[in-house]
Amino acid sequence: MKSLNLNTKILVYNDVEASESIKKLIKFAKNATKNAYAPYSHFQVGAAVMLTNGEIMTGSNQENAAYPSGLCAERVALFNANAQYPNTAVEVIAIAAFHDGEFTDVPCCPCGGCRQVIVEAENRFDKAIKMIMYGKSKIYEVESVKVLLPLSFGKESLSE
Ligand code: THU
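I will try to describe carefully the structure that is included in this document. Within each chain, residues carry numbers counting from 1 in the order of the written sequence. Totals for whole chains, interfaces and linings use every residue, but because this is a predicted model, local features are given only for residues with pLDDT of at least 70 and side-chain atom pairs only at 80 or more, for both listing and counting. Based on all heavy atoms of the structure, the side-chain values leave hydrogens and waters out of the count.

On to the overall build of the chain, then. Looking only at helices and strands, one finds four helices and seven strands in the chain. Listing each helix as α and each strand as β along the chain from the N terminus yields β-α-β-β-α-β-β-α-β-β-α. For a compact globule of 160 residues, the expected C-alpha radius of gyration is about 15 Å, and the chain comes in at 16 Å, within 12% of that figure. With respect to the principal axes defined by its C-alpha atoms, the chain has extents near 50 × 35 × 35 Å. We call a residue buried when its accessible area falls under 20% of the maximum for its residue type, exposed when it is over 50%, and partly exposed in between, using a 1.4 Å probe and counting protein chains only. Split into buried and exposed, the 160 residues of the chain put 41% on the buried side. A helix here means a DSSP run of H or I that spans at least four residues, while a strand means a run of E at least two residues long, and both kinds are numbered starting from the N terminus. Two things to know: the radius of gyration comes from C-alpha atoms, and the globule rule equals 2.2 Å times the number of residues to the power 0.38.

See the structure below:
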């Protein structure tokens, strides 16, 4: 028996240390929280994706009285981008959450279902998507969703 040790590299920095393009994308994500429809959780999430053509598309969580019918901000943003630009890869996604009158202190990290959808968006164009998770106290950055979802299930899993 042997052990497989996985390395999780997460960059941690603050608003001031962020590059101009990351600051810009975070601003879009924060603004997108205003468009959330979250009357049940009161947890407003915004996501902004930057495509390789420079376009920025946003999404926010859209809830439903029948709870599972709602959708997270990340999936709204990604599906929106892929629906508008089906031949263009996503380069970066930024996520922010607003709750109890302020942006969350800790970075908002995507749920498991959204991680799976981001894996698909990476595999679809064979391009890693940089993820920026915003929090007031710190920002997390990973080079690919596979850092947060190792040993993921993807199209290659179906043909093995
Ligand atoms: N939510 C997101 O939109 N993205 C996340 O990364 C975590 C959770 C939404 C789902 C639901 O509308 C609300 O936040 C509370 O879970």
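Moving on to the pattern of salt bridges. Salt bridges are identified by distance alone: a Lys or Arg side-chain nitrogen within 4 Å of an Asp or Glu carboxyl oxygen. In the structure shown here, the tally under the stated rule is five salt bridges. Salt-bridge contacts for Lys-23 lead to Glu-20; the nearest nitrogen and oxygen are separated by 3.3 Å. Placement of the pair is Lys-23 and Glu-20 together in helix α1 (residues 20-32), with a separation of three residues, close to one helical turn. One salt bridge in this structure joins Glu-141 and Lys-130, with 3.6 Å as the shortest N-O distance. Of this pair, Glu-141 sits in strand β7 (residues 139-142) while Lys-130 sits in strand β6 (residues 130-134); the two residues are 11 residues apart in sequence, bridging distant segments of the chain.

Any helix carries an expected span of 1.5 Å times its number of residues minus one. Along its 14 residues, helix α3 (residues 112-125) runs 21 Å from first to last C-alpha, staying within 8% of the 20 Å computed at 1.5 Å per residue. Among the residues making up α3, those that are buried are Cys-114, Arg-115, Val-117, Ile-118, Val-119, Ala-121, Glu-122 and Asn-123. Backbone geometry just after α3 places Asp-126 at a positive phi near 50°.

Counting buried residues along strand β3 (residues 56-60), four of its five residues qualify, which places the element largely inside the surrounding structure. A strand pair is defined by DSSP finding two or more bridges across the two strands. Note: strand β2 (residues 43-51) against β3, five bridges, orientation antiparallel. If you follow Val-49 over to β3, its bridge partner there is Met-57. The turn joining β2 and β3, which pair antiparallel and follow one another in sequence, is formed by four residues; a positive phi near 90° is taken by Gly-54.

It is worth spelling out the site of the ligand at this point. Around the ligand, the neighbouring residues are Ser-41, Phe-43, Val-45, Asn-61, Glu-63, Cys-72, Ala-73, Glu-74, Cys-109, Pro-110 and Cys-111. Under this definition, polar contacts are N or O atom pairs within 3.5 Å; protein pairs additionally need one hydrogen-donor-capable and one acceptor-capable atom, and for neighbouring residues in sequence, both atoms have to be side-chain atoms. A distance of 3.0 Å is found between an oxygen atom of the ligand and a side-chain nitrogen or oxygen belonging to Asn-61. For the ligand, an oxygen atom lies 2.5 Å from a polar atom in the side chain of Glu-74. Surface accessibility follows the Shrake-Rupley procedure with a 1.4 Å probe radius. Residue values consider only the protein chains on display as shielding. Across the complex, the protein chains shield 75% of the 380 Å² of accessible surface that the ligand would expose by itself. For the shell around the ligand, the secondary-structure elements that each account for two or more residues are β2 and α2 (73-84). Polarity classes work like this: nonpolar for Ala, Val, Leu, Ile, Met, Phe, Trp, Tyr, Cys and Pro, charged for Asp, Glu, Lys and Arg, and polar for all others, with Gly in that last group. Partitioning the shell around the ligand into residue classes produces seven nonpolar, two polar and two charged. To be near a molecule or strand, a residue needs just one of its heavy atoms within 4 Å of it.

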